[in-house]
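Coordinates in review
These are the residues of each chain, in order.
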Amino acid sequence: MPGHILVLDPAPAMQALLAHNLAGAGYRVSCALNARGALALLAGDPPDVLLLEWELPDASGIALLRQVRQDGVLCDLPIIMISTRDSEQDKVLALESGADDYLCKPFGPREMLARVHALLRRRAPSALRTAAGATALRLDPHTLRVTAGKVPIHLGRVEFKLLHFLMDHPGRVHSRAQLLDQVWGHAAYLDERTVDAHVGRLRHALQPGGCGHRIETVRGSGYRYLASDAAVYA
């Protein structure tokens, strides 16, 4: 599935290698050497995926990541953080700051292309969902809004993705490992307790609308969404 990829890496050789492999796979590629150049490209020609190096000459990749996530237009842009940092703490920081995936250098071109393709594949179905009725709890994947009746529900990015996935499979039980893969992407290095923490936050956020009970724990198995009122997408 061809698309536009922005490669942000201050090392010319690494940038050229990534661009060469992406172009060879049919992607249109733009490149930037620093955060300032990347922001100009993001504003003028938003990509479908951003490959973001952690260490930049004029800013931290984490800081840029958070800036993009706060942008009303770019907040849902798929981002893969790339870095030589390989500790669990660094990976968790990147993912909790808004990265969709994390690649440790050195990595092979086939793995990189697979990660990019997977992000684009997961993103595409969201644009096809349409209205299917009216219920107490509504999720609009296009405006990123959730309401319970007339009560607006304010969710973090990860909690929104988690609810989005669970509502898409009402009644089906998903293990923590499955949720890590589907919501966080290639995140096998994350502790499964990460899922429990975000489920807790999601339930808390749904409580004002009386929908916290919709996220049910299935002891020894995982979690499921209870669609006692036929939950739909807006």
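Residues numbered from 1 in each chain as written. Predicted model: local features only at pLDDT ≥ 70, side-chain atom pairs only at ≥ 80, totals over all residues. Heavy atoms only, no water.

Below, the discussion takes up the overall build of the chain. In terms of regular secondary structure, the chain is built from eight helices and eleven strands. By residue count, 45% of the 234 residues in the chain fall in the buried class. Within the chain, contacts between residues separated by at least 24 positions form 61% of all contacts whose residues are at least 6 apart in sequence. As displayed, the chain has an accessible area near 11300 Å², and 53% of this comes from carbon and sulfur atoms. (Helix = DSSP H or I, 4+ residues; strand = E, 2+ residues; numbered from the N terminus. Buried < 20%, exposed > 50% of the residue type's maximum accessible area, 1.4 Å probe, protein only. Contact = heavy atoms within 4.5 Å. Areas by Shrake-Rupley, 256 points an atom, 1.4 Å probe, with all protein chains shown as cover.)

Before going further, it helps to spend a moment on the sheet that holds strand β2 (residues 28-32). The parallel open sheet is built from five strands, whose spatial order is β2-β1-β3-β4-β5. Here the strands that pair on one side only, and so sit at the sheet edges, are β2 and β5 (101-104). Averaged over all neighbouring strand pairs, the angle between strand axes comes to 20°, with direction disregarded. The sheet contact formed by strand β3 (residues 49-53) and strand β4 (residues 79-83) spans four bridges and is parallel. (Pairing = 2+ DSSP bridges. Axes fitted to C-alpha atoms, helices over the stretch in contact; angles between N-to-C directions.)

This next bit is on the pattern of salt bridges. Going through the model one piece at a time under the given rule, you end up with twelve salt bridges. Between E53 and K105 there is a salt bridge, and its shortest N-O distance comes to 2.7 Å. Of this pair, E53 sits in strand β3 while K105 is found in the loop between β5 and α5 (109-123), placing the two residues 52 residues apart along the sequence. Between D100 and R69 there is a salt bridge, and its shortest N-O distance comes to 3.0 Å. Of this pair, D100 sits in the loop between α4 (88-96) and β5 while R69 sits in helix α3 (residues 61-69); the two residues are 31 residues apart in sequence, bridging distant segments of the chain. For the residue pair D100 and R69, the accessibility class agrees, reading buried in each case. The network of salt bridges with shared partners includes R69, D100, R157 and K161. (Salt bridge = Lys/Arg side-chain N within 4 Å of Asp/Glu carboxyl O.)

Quick look at α4 now. Spacing of three or four residues puts side chains on the same side of an α-helix, whose turn is 3.6 residues. Of the residues making up α4, those classed as buried are D90, K91, A94 and L95. Burial along α4 is one-sided: seen end-on, the buried residues are contained in an arc of 130°. Turned more than 90 degrees off the buried face of α4, the exposed positions are Q89 and E96. As for α4, its buried residues are in contact with α3, β4 and β5. (Arc of directions from axis to C-beta.)

Of all hydrophobic cores here, the largest spans 48 residues; its most connected members are L8, L52, M81, L137, L163, L206 and I215. Residue contributions to this core peak at seven residues, all from helix α6 (residues 157-168). Not counting chain neighbours up to four residues away, the residues in contact with I215 comprise L163, L166, V199, L202, R203, L206, R224 and Y225. V7, M14, Y27 and L51 belong to the second largest nonpolar core, which has 16 residues in total. (Core = buried A, V, L, I, M, F, W, Y, C linked by side-chain atoms within 4.5 Å.)

Here we come to the packing of α6 against helix α7 (residues 176-184). Two numbers describe a pair of packed helices, the interaxial angle and the distance between the axes. Where α6 contacts α7, the two axes come as close as 10 Å, and the packing angle between them is 115°. Considered as vectors, α6 and α7 are oriented roughly perpendicular to each other. Seen along the crossing, α6 lies across α7 with a hand that is right-handed. Here V158, K161, L162, F165 and L166 of α6 come into contact with α7, specifically with L179, Q182, V183 and W184. Across the contact of α6 with α7, the residue classes break down as seven nonpolar, one polar and one charged. (Parallel < 35°, antiparallel > 145°, perpendicular 65-115°, else oblique. Left-handed = near helix turned anticlockwise from the far one by under 90°. Nonpolar A, V, L, I, M, F, W, Y, C, P; charged D, E, K, R; others polar.)

To continue, consider the packing of α6 against helix α8 (residues 193-206). The interhelical angle for the contact between α6 and α8, taken along N-to-C directions, is 85°, at an axis separation of 9 Å. Comparing the axis directions of α6 and α8 gives the class roughly perpendicular. Packed against α6, whose contacting residues are V158, E159, L162 and L163, the element α8 presents H198, V199, R201, L202 and L206 at the interface.

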